[in-house]
Amino acid sequence: MAWRGTGDKPYVFCHMETSLDGKIMGRFWDVLGDLDENPFYDVAFGPDRAWPMDGWVSGRVTTDDNFTDHAEPALPEAWDPVPEGDFLCDTDEPMYYISVDPHGRLGWTSDRIRYRDTDAKVLEVLTERAPERYRAFLRGLSIPYLVCGEEAVDFSALLERLRDDFGMGCVMLGGGGTVNWSMLCQGLVDEVSVVVEPSADSSTETQTLFMAAPGLAPVEPHRFHLESVGRVGTGDEQVWLRYSVDNG
């Protein structure tokens, strides 16, 4: 499947790793053994990656779980007045980690993250509800941010700014389930890619690949078209599925 952008946004592929029962987190990881090899990472981030992506988008919970460890932000006691709108700096980085943090809660300590062999510049996505004090905190760390929406993130506006302000032509959507579903329901996802692990835990409490957040996205059916099926990983135990999204 060839990637392709459109006139008003980058190409967006949702790339996730799930259990057999569709979970994206949980105890199903406990029985998988050695995780040094990671076909999920290899197909999206490795030297022979399937997409020429410029960055990847994740929600606040996913960021806290993987990069900020649920730390409280070290907000300044005093700060200079912060102008309204976006803060654009370092707009020509080769890779960005785009964190959806509507109310400004993530406790960053650096403007960069490291994911296995991938180094990325942090780019925060806020709403107008994010306090001035938090925006001053981000500026102090040289973390650029985009203000997209009043109370909820306007994902269409976000993608347009990623294209226009940061020159992005291809973006990965990487969870959690509510961000995935919200963008899918708005017709903004071009492709869904899933690496399925050979395990399950039957939990009813953990996140699935797609989840509708009350008041943010509807519970409604969507159609996908299977583009390819492959076996990946040592022993070919993982299955890699790729679907195009019916946005008609």
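These figures come from a predicted structure and were not determined experimentally.

Rules behind the numbers
- Residues numbered from 1 in each chain as written.
- Predicted model: local features only at pLDDT ≥ 70, side-chain atom pairs only at ≥ 80, totals over all residues.
- Heavy atoms only, no water.
- Helix = DSSP H or I, 4+ residues; strand = E, 2+ residues; numbered from the N terminus.
- Rg over C-alpha atoms; globule rule 2.2 N^0.38 Å.
- Buried < 20%, exposed > 50% of the residue type's maximum accessible area, 1.4 Å probe, protein only.
- Contact = heavy atoms within 4.5 Å.
- Lys, Arg positive; Asp, Glu negative; His and termini not counted.
- Charge placed at Lys NZ, Arg CZ, Asp CG, Glu CD.

**Q** Even after reading the chapter, I still don't get the overall build of the protein, so can you show me in this structure?
**A** Along its length, the protein carries five helices and ten strands. In terms of overall dimensions, the protein is globule-like: its C-alpha atoms have a radius of gyration of 18 Å, near the 18 Å expected for 248 residues. For the protein, the C-alpha atoms occupy an extent of roughly 55 × 40 × 40 Å along the three principal directions. Across the 248 residues of the protein, 47% fall into the buried class. Taking contacts inside the protein between residues at least 6 apart in sequence as the whole, the part at least 24 apart equals 75%. Placing the 20 positive and 44 negative side-chain charges of the protein at their respective mean positions leaves the two points 1 Å apart.

**Q** Whenever I open this one, the side chain of Lys23 confuses me. Can you help?
**A** Counting through the fold element by element, Lys23 comes out in the loop between strand S1 (11–18) and helix H1 (39–45). For Lys23, a relative accessible area of 9% gives the class buried. Beyond its immediate chain neighbours, meaning those up to four positions away, Lys23 contacts Glu17, Thr18, Phe28, Asp201, Ser203, Thr206, Gln207 and Thr208.

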